[in-house]
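# Examining the three-dimensional arrangement
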Amino acid sequence: MRVLVSGGAGYIGSHTVVQLVAAGHDVVIVDSFANSKPAVIGRLEALTGRHLPVHAFDLTDRDKTERLFADEAFDAVIHFAGLKAVGESAQIPLEYYENNLDSTFSLVRAMRRHGVNLLVFSSSATVYGEHAPLPYREDYAPLQSSSPYGRTKVMIEHVLSDVAAADPQMRVALLRYFNPVGAHASGTIGEDPQGIPNNLMPFIAQVAVGRRDKLTVFGDDYPTADGTCERDYIHVEDLAAGHVAALNKLASTQEPVSIWNLGTGQGTSVMEMLHAFERAVGRELPYDVGPRRAGDQPQSWADPAKANAELGWQTCKTIDDMCADTWRWQSANPTGYEG
Ligand code: NAD
Ligand code: UD1
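As recorded in an unreviewed UniProt entry, the chain goes by UDP-glucose 4-epimerase and comes from Nostocoides veronense. The Cofactor (unreviewed entry) field of the UniProt record for the chain holds the comment "NAD(+)". Turning to the chain, the UniProt record has this under Sequence similarities (unreviewed entry): "Belongs to the NAD(P)-dependent epimerase/dehydratase family."

Here it is, written out as structure tokens:
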């Protein structure tokens, strides 16, 4: 298939591009580079051995989006583009709603006008909100989220479901990611957060490489085995494989909308993750324990049975793989792509 990958220069998009090319697809990237670096493209071309066409513009620009679809034919779109920092979304909510919703509107508008029917969308486990029972299952309702970022995902899930229900040609996959971590085994592409990392794994990696003094564990008095929060960390390579599987499934399914959790089904605590990273690095890493972070759930993990059965997909990487691959990327690129 000829696949337009929106946000293909970003963390998850870049890893998915490599696997799409390996699976025989033709890939075209569109990215504004609002949260990524053009240097990633050269790394992707080296990994894939291909020239990768890149369109550098903001998808909220409807005219440019329309022109791209008028000029080029696509069989499918994988829509990663979006702003994703939970804390920032509470400070600049309008920017989050505008960017995430308007980019989706202009993409879907152009898809409808040009007869492109297959769409894979990056949703998040955050749509399960605070009250869903563990493990999270796709049939849980009502969706809700505690941040403006998360609410953009809830809204977009509803918008895409409504659009697909009204159009017999359209096939939409809503992929609910759990906690993506890790990097390509080559160590040449990986997660490169701007500023102070919000998420656990990149923060630990920056402590290990000497960019941060120590990890602060956000609370050790939760009702969990060691008192720290438990999450379903999924290797970005397993996550990327889930997109290739979802795309293949969309080409044959009769369902207008398919929802799949992409997670391992296993919870890992903050302290377990820190110790796994210490094993990868071969030394202890400094940490202290601070107060709880507002909005954190004690535990979150997927029931991945639906994706396993319907996509013929399952995760195969361990927590130790996730740490070893993150460390290979971080130690080879201490300051990310512009080192
Ligand atoms: P990322 O920021 O690394 O990648 C997103 C890419 O989209 C960036 O390259 C950015 O420049 C681009 N972009 C943003 N707005 C754009 C616009 N209007 N037009 C064109 N390009 C635009 O993020 P990621 O971690 O790769 O996440 C990809 C998607 O997955 C996002 O939609 C995110 O919300 C979702 N997601 C991520 C996680 C996670 O933990 N990383 C978890 C759940 C869901
Ligand atoms: C966070 C977002 C979630 C988003 C996800 C993307 C919040 C409240 N939730 O989820 O909406 O979909 O990122 O992956 O922001 N931790 C520390 N010290 C740190 C950083 C994190 O102890 O410096 C802890 C957190 O308290 C949490 C765990 O590590 O218990 C994982 O945190 P993080 O990587 O931010 O992911 P989530 O909180 O699951």
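Still more ground to cover, so stick around.
Close to ligand 2 lie 18 residues, the nearest being Thr216, Phe218, Arg231, Arg293 and Asp296. Separating an oxygen atom of ligand 2 from a side-chain N or O atom of Asn179 is a distance of 2.9 Å. Arg293 is positioned such that a nitrogen or oxygen atom in its side chain is 2.7 Å from an oxygen atom of ligand 2. Contact with the protein chains covers 86% of the free accessible surface of ligand 2, which is 730 Å². Contributing elements (two or more residues each) for the shell around ligand 2: α7 (200-208) and β8 (215-218). Of all the elements, β8 adds the most residues to the shell around ligand 2, at four residues. Here the shell around ligand 2 is composed, by residue class, of nine nonpolar, six polar and three charged.

For the structure shown, the criterion picks out seven aromatic pairs. Judged by centre distance (6.1 Å) and plane angle (40 degrees), the rings of Tyr136 and Phe178 are tilted. Of the two residues, Tyr136 is situated in the loop between β5 (118-124) and α6 (148-165) and Phe178 in the loop between β6 (171-177) and β7 (179-181); the sequence distance between them amounts to 42 residues. One aromatic cluster is present, formed by Tyr128, Tyr136, Tyr140 and Phe178 through successive ring pairs.

The full count for this structure, using the stated rule, is zero disulfides. Summary of cysteine pairing: Cys316 is not part of a disulfide, and the nearest cysteine sulfur, belonging to Cys323, is at 16 Å. Look at Cys323 and you get buried, because its relative accessible area is 0%.

Moving on, we come to the UniProt feature "domain: NAD-dependent epimerase/dehydratase" (unreviewed entry) in the chain. UniProt annotation of "domain: NAD-dependent epimerase/dehydratase" (unreviewed entry) refers to residues 3-263 when read in the numbering used here. Helix makes up 39% of residues 3-263 and strand 18%, and the two end C-alpha atoms of the span are 24 Å apart.

Where α7 meets helix α11 (residues 319-332), the closest approach of the two axes is 10 Å, and the angle between their N-to-C directions is 55 degrees. Relative to α11, the element α7 is oriented oblique. Pair α7 / α11 crosses with right-handed handedness. Facing α7, whose interface residues are Met201, Ala205, Gln206 and Ala208, α11 presents Met322, Cys323, Thr326, Trp327 and Gln330.

A few words on the pattern of salt bridges. One pass over the full model with this rule turns up 14 salt bridges. Close ionic contact of Asp167 with Arg112 constitutes a salt bridge, the shortest N to O distance being 2.3 Å. With Asp167 in the loop between α6 and β6 and Arg112 in helix α5 (residues 93-113), this pair connects stretches of sequence that are 55 residues apart. For Asp167, a relative accessible area of 17% puts it in the buried group. Between Lys214 and Asp288 there is a salt bridge; the shortest N-O distance is 3.1 Å. Of this pair, Lys214 sits in the loop between α7 and β8 while Asp288 sits in strand β13 (residues 287-290), and the two are 74 residues apart along the sequence. Take Lys214: its relative accessible area is 37%, and that puts it in the partly exposed class.

Time to look at the sheet that holds strand β1 (residues 2-6). Strands sit in the order β3-β2-β1-β4-β5-β6-β11 across an open sheet of seven strands; the sheet is parallel. Looking at which strands have only one partner, the edges of the open sheet turn out to be β3 (54-55) and β11 (257-262). Here β1 runs beside strand β2 (residues 26-30); their pairing, made up of five bridges, is parallel. Considered in β2, the bridge of Ser6 is made with Val30. Lying on the sheet, α6 is in contact with β5, β6 and β11; it crosses β5 at an angle near 155 degrees. Here helix α8 (residues 236-250) sits on the sheet in contact with β1, β4 (76-79), β5, β6 and β11, set at roughly 160 degrees to β6.

Definitions and cut-offs
- Residue indices follow the written sequence of each chain, beginning from 1 at its first position.
- Ligands are numbered from 1 and chains lettered from A, in the order in which they are written.
- Side-chain atom pairs in this predicted model are given and counted only at pLDDT of 80 or more, local residue features only at pLDDT of at least 70, and totals for whole chains, interfaces and linings cover all residues.
- Hydrogen atoms and water are omitted, and side-chain values are computed over all heavy atoms in the structure.
- UniProt positions are given in the numbering used here, feature names are shortened, and annotations may be inferred rather than shown by experiment.
- Residue proximity to a molecule or strand is established when one non-hydrogen atom of the residue lies within 4 Å of it.
- Whenever a nitrogen or oxygen atom comes within 3.5 Å of another N or O atom, the pair is scored as a polar contact, on the condition that within protein one atom can donate a hydrogen and the other can accept it, and that pairs from neighbouring residues in sequence are kept only if both atoms are in side chains.
- Per-residue and other accessible areas were derived by the Shrake-Rupley procedure at a 1.4 Å probe size, with only the shown protein chains allowed to occlude residues.
- Starting at the N terminus, helices and strands are each numbered in turn, a helix being any DSSP run of H or I of at least four residues and a strand any DSSP run of E of at least two.
- Think of it as three bins: nonpolar holds Ala, Val, Leu, Ile, Met, Phe, Trp, Tyr, Cys and Pro, charged holds Asp, Glu, Lys and Arg, and polar takes everything else, Gly as well.
- When two rings of Phe, Tyr or Trp (its six-membered ring) have centres within 6.5 Å they constitute a pair, described as stacked for plane angles under 30 degrees, edge-to-face for angles over 60, and tilted for the intermediate range.
- In this description, the term disulfide denotes a pair of cysteine sulfurs within 2.5 Å.
- Working definition: with a 1.4 Å probe on protein chains only, accessible area under 20% of the residue-type maximum means buried, over 50% means exposed, and in between means partly exposed.
- Angles run from 0 to 180 degrees between N-to-C directions of axes, and those axes are lines fitted to C-alpha atoms, restricted for helices to the stretch in contact.
- Should an angle fall under 35 degrees it is taken as roughly parallel, and over 145 as roughly antiparallel, whereas 65 to 115 is taken as roughly perpendicular and any remaining angle as oblique.
- Two helices crossing with the near one rotated counterclockwise from the far one by less than a right angle form a left-handed crossing, whereas a clockwise rotation gives a right-handed crossing.
- Contacts are assigned to residue pairs with any non-hydrogen atoms lying within 4.5 Å of each other.
- For this document, the term salt bridge refers to a Lys or Arg side-chain nitrogen within 4 Å of an Asp or Glu carboxyl oxygen.
- Here, any two strands with at least 2 DSSP bridges between them count as paired.

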